[in-house]
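# An overview of the molecular structure
Residue-level listing of the chains:
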Amino acid sequence: MPAFTLVTFGCQMNQHDSDRIGEVLRGIGYEEVAEPVHADLIVLNTCSIREKAEQKLRSEVGRLGLLKQRKPGLVIGVAGCMAQQEGERLARRMPQIDFMLGPDNILELPRILAEVELGAPPPIRTVFDLNAPTFLSALAEPGRTGATAFVTVMKGCDERCTYCVVPNTRGPERYRAASDIIDEIRRLVVAGVREVTLLGQTVNSYRDPAGSLALAPGAGETHFEHTRRAAALQDESEFPALLRDICERVPDLARLRYTSPHPRHLTWSLILAHRDLSALARHVHMPVQSGSDRVLKRMLRRYSIAEYEERATALRSAVPGLTLSTDVIVGFPGETRADFEATLGLAERVRFSGFFGFTYSERPNTPALKLPDDVPELEKRARLEEIFALTDRHRREHLQSLVGQNERVLGERRGKNGDFMGRSEQNEIVHFAFEGDAIAQMLPVTITEAYDNSLRGVVQAGFTGLPRASMIGKAPSRTVRRALPVVSGA
Ligand code: SAH
Ligand code: SF4
Ligand code: F3S
């Protein structure tokens, strides 16, 4: 049986794509092996978001090239965002590569492998499926799924954040029919999945192409001080309606997450969905990128810091205890010390429980190339260290504040020493011991200790769990979380 290895770089979308590539390969008789030396086919699923990505690919291909000298039949394929954006150029520069596969061309893999076998010049398949978009579903096989799964609701991106390659590597926005999304979630839940994360580059810009969704409560309303009604109307999407539909039609789904929302679509109606839906996790990853309005304008982010903060506040008032995490770029062209201090100030006010910081890097064919990359590399690194010092402290204080609290933890996998690892509703990693199988169980856990990036807890006495097969249909199926009055500013 031929064997393959998959190496995945980049975001959750790439992870999702890698899982689908694995399924396609298994479908044509390949088996997966962990070590490249045992593989007949190696697929590198690449990311192009920052400069280091290309260097990583080069060194990986170089290393595998040496392996290929010893094993001439070895096939090396490059998939993902680098393949999409730079396929031709990379194939010319790296003769070790046998084929290039764009994110929308995964189903063509068997045909491409057949061409490679016939000795064709390296096939490059990087065509966006603009007219008839496909959305690959997970093979939901009972007993073979994990506790959690990703489900794509949209792909591509129509924003034009000036630093970002994604609109080029993933193409324009295309949406998946709500009925397909719900069918996939239903199948996953029947197969044993408890938590689903909806995926999209701007996941909350979602609209149902089949037009099946009813208007969500609060649609088109704005009770914010800083968001104009015209902007609120323009930013409204059907994402809150999709969330409500999923919770209503798949009541056995224990937990629902989504990533990444764009702050401008974090509308009043989405905040109401968080208030109302008990399955929606009490955590939102809401990338802010900068705390300075001047920089946000140059990034073309289309919101102000006042708007970002009032949405964060409204979310937290609607769902007490909700945590926020974010992405920040430091050293964007023209970022002054004062701009950077505005980002520090924002972090101090919002207190993110998770923080992903990056130094700006120039990317091919992005509008920001017109702006001089004028913050010295050393200064970028120093700013990143400075903001990490602050946000690491916030994170530690947040985790410490949870000691003694009771959390609902979904068991995801076994950790070291036979312990289990799971995540709380607020997205903290929790380690715990459990007699029996905690995977795919929703456990009541009392937090006993906080580490730098995770927690330890004990499962509450008397909870023995359920055998996995009998859990289906027994998940809590309430739709309404709590009847809180909404928010300041309402
Ligand atoms: N679609 C998501 C982000 C995808 S990219 C969103 O809009 O939220 C993930 C993160 O990489 C971004 O949030 C940003 O912080 C960072 N990033 C993107 N382009 C970058 C660049 N040119 N230099 C440095 N960081 C970048
Ligand atoms: Fe990139 Fe902006 Fe689109 Fe996110 S919203 S993928 S940062 S262009
Ligand atoms: Fe990277 Fe492509 Fe994701 S550039 S971050 S793998 S969409």
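Each chain has its residues counted from 1, following the order in which its sequence is written. Chain A is the first chain written and ligand 1 is the first ligand written, with later ones labelled in order. Thresholds applied to this predicted model are a pLDDT of at least 70 for local features of residues and 80 or more for the giving and counting of side-chain atom pairs; totals over whole chains, interfaces and linings are not thresholded and use all residues. The basis for every side-chain value is the complete set of non-hydrogen atoms in the structure, without hydrogens or water.

### So, the domain arrangement of the protein chain
Splitting the protein chain by domain gives domain 1 (3-127), domain 2 (134-281) and domain 3 (406-472). Note that the domain bounds reflect an automated or database-derived domain assignment. If you average the C-alpha positions of domain 1 and of domain 2, the two centres end up 29 Å apart. In this complex, domain 1 contributes 19 residues to the contact, which on the side of domain 2 involves 19 residues. Accessible surface is computed with a 1.4 Å probe, and the buried area is the amount of it that two parts give up when combined, taken over both parts together. Contact between domain 1 and domain 2 buries roughly 1,700 Å² in total, counting both sides, with carbon and sulfur atoms accounting for 62%. Broken down residue by residue, the surface that domain 1 buries against domain 2 is led by M13, H16 and D104, which jointly contribute 34%. Here a salt bridge means any side-chain nitrogen of Lys or Arg lying within 4 Å of a carboxyl oxygen belonging to Asp or Glu. The tally of links from domain 1 across to domain 2 stands at three salt bridges. In this structure, D104 engages K155 in a salt bridge whose closest nitrogen and oxygen atoms are separated by 3.1 Å. Under this definition, polar contacts are N or O atom pairs within 3.5 Å; protein pairs additionally need one hydrogen-donor-capable and one acceptor-capable atom, and for neighbouring residues in sequence, both atoms have to be side-chain atoms. The interface formed by domain 1 and domain 2 contains six residue pairs in polar contact (both at pLDDT 80 or more). A total of nine residues in the side of domain 1 that touches domain 2 trace back to one element, the largest contributor, which is helix α1 (residues 12-27). Split by residue class, the side of domain 1 that touches domain 2 holds seven nonpolar, seven polar and five charged. We call two residues contacting when some pair of their heavy atoms lies within 4.5 Å. Labels follow the DSSP assignment, with helices taken as runs of H or I lasting at least four residues and strands as runs of E lasting at least two, numbered in each case from the N terminus. Note on residue categories: nonpolar means Ala, Val, Leu, Ile, Met, Phe, Trp, Tyr, Cys or Pro, charged means Asp, Glu, Lys or Arg, and polar means any other residue, Gly included.

### Details of the site of ligand 1
We call a residue near a given molecule or strand whenever any one of its heavy atoms falls within 4 Å of it. Around ligand 1, the structure places 15 residues, and the nearest of them are Q201, P287, Q289, D327 and S361. Within the side chain of R50, one N or O atom sits 3.0 Å away from an oxygen atom of ligand 1. Here, Shrake-Rupley sampling with a 1.4 Å probe gives the accessible areas, and only protein chains in the shown set may cover a residue. Considered on its own, ligand 1 offers 550 Å² of accessible surface; in the complex 89% of this is hidden by protein. Secondary-structure elements contributing two or more residues to the shell around ligand 1 are β13 (323-330) and β14 (354-359). Here the shell around ligand 1 is composed, by residue class, of six nonpolar, five polar and four charged.

### Section: the sheet that holds strand β11 (residues 255-259)
For sheets, the rule is that strands pair by backbone hydrogen bonds, running either parallel or antiparallel. In spatial order, the strands read β7-β10-β11; together these three strands make up an open sheet with parallel pairing. Of all strands in the sheet, those bounded by a partner on one side alone are β7 (148-152) and β11. Across this sheet, the average inter-strand angle for adjacent strands is 25 degrees, counted without regard to direction. Strand pairing is defined by DSSP finding a minimum of two bridges between the two strands. Looking at chain direction, β7 and strand β10 (residues 195-199) are connected through five bridges and run parallel. Bridge pairing links T148 to E195 in β10. All axes are obtained by fitting lines to C-alpha atoms, using only the stretch in contact for helices, and the reported angles, taken between N-to-C directions, cover 0 to 180 degrees. In the packing of α1 onto the sheet, the strands contacted are β7, β10 and β11, and the crossing angle to β7 comes to about 100 degrees.

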